[in-house]
Amino acid sequence: MKTRTFWGRVAPYALAVVLCLAFGWVASMLQREALAEWYPLLAKSPLTPPGVVFPVAWSALYVLIGIAFGAVWHVPAGRRRALLGWWGVQCVLNFLWSVCFFYARSPWAGMVVIVALLVAVAVFMLKSRRASRVAFWCFVPYLLWLAFATYLNAYVCLYN
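Residues numbered from 1 in each chain as written. Predicted model: local features only at pLDDT ≥ 70, side-chain atom pairs only at ≥ 80, totals over all residues. Heavy atoms only, no water.

(A) Representation of the environment of Ile114. Tracing the backbone through its elements, the reader meets Ile114 in helix H4 (residues 107–131). Ile114 gets classed as buried once you look at its relative accessible area, which sits at 2%. Put simply, Ile114 and Asn94 are 20 residues apart on the chain and 7.6 Å apart in space, counted from C-alpha to C-alpha. (Helix = DSSP H or I, 4+ residues; strand = E, 2+ residues; numbered from the N terminus. Buried < 20%, exposed > 50% of the residue type's maximum accessible area, 1.4 Å probe, protein only.)

(B) Quick peek at a positive patch on the surface. A cluster of like positive charges, contributed by Arg79, Arg129, Arg130 and Arg133, occupies part of the molecular surface. Turning to its location among the elements, Arg79 is positioned in helix H3 (residues 77–103). The exposure class of Arg79 is partly exposed, given its relative accessible area of 47%. (Patch = residues over 30% accessible without salt bridge, like charges linked within 9 Å, V, L, I, M, F, W, Y side chains within 5 Å. Areas by Shrake-Rupley, 256 points an atom, 1.4 Å probe, with all protein chains shown as cover. Salt bridge = Lys/Arg side-chain N within 4 Å of Asp/Glu carboxyl O. Lys, Arg positive; Asp, Glu negative; His and termini not counted. Charge placed at Lys NZ, Arg CZ, Asp CG, Glu CD.)

(C) Representation of the UniProt feature "transmembrane region" (unreviewed entry) in the protein chain within the structure. What UniProt calls "transmembrane region" (unreviewed entry) maps, in this numbering, to residues 52–72, 84–104, 110–127 and 134–156. Between the C-alpha atoms that bound residues 134–156 the distance is 34 Å, and the span itself is 100% helix and 0% strand. (UniProt positions renumbered as here; feature names shortened; annotations may be inferred.)

(D) Fine view of the packing of aromatic side chains. Per the counting criterion, the structure on display carries 20 aromatic pairs. A ring pair is formed by Trp38 and Phe101, whose centres lie 5.5 Å apart and whose planes are at 65 degrees; its orientation type is edge-to-face. Of this pair, Trp38 sits in the loop between helix H1 (6–37) and helix H2 (53–73) while Phe101 sits in helix H3, and the two are 63 residues apart along the sequence. On the basis of relative accessibility, which here comes to 15%, the residue Trp38 falls in the buried class. Residue classification places Phe101 among the buried positions, given a relative accessible area of 2%. Measuring from ring centre to ring centre gives 4.8 Å for Phe101 and Phe102, while their planes differ by 70 degrees; the resulting arrangement is edge-to-face. (Phe/Tyr/Trp six-rings, centres within 6.5 Å; stacked < 30°, edge-to-face > 60°.)

Dropping the structure here:
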């Protein structure tokens, strides 16, 4: 049995969390102008949380998404590749949603992306359920938040 150093065990978690938070920061920079000029003018659901909730919720979710990566990294190689593939797909779709919805100011394109993101997250969860319970449970709040965000996105599509 191979003994891993402390850094060897922790690095995949730490690097993935930093990477996820960095993606979130870049996405927030792309959203700035739309959040100031466009988004306030949209008709939004009465269930839309105050603006301060979004960066806090997403920061927590990005930490969990990074932890899920670290957990999957330690899965045996046979399952790891597929899980990391689905993790990467959801990461790209997550970033793409911000680009479509805010940067391109296209709620309908955002809707297409967020539905694909929901599917990718659900597939990742189904595939990781047995391989890594940590990864699976880290994605539960993410899936719930995405379901709510999908509702908010759909509301904007339908009422604007």
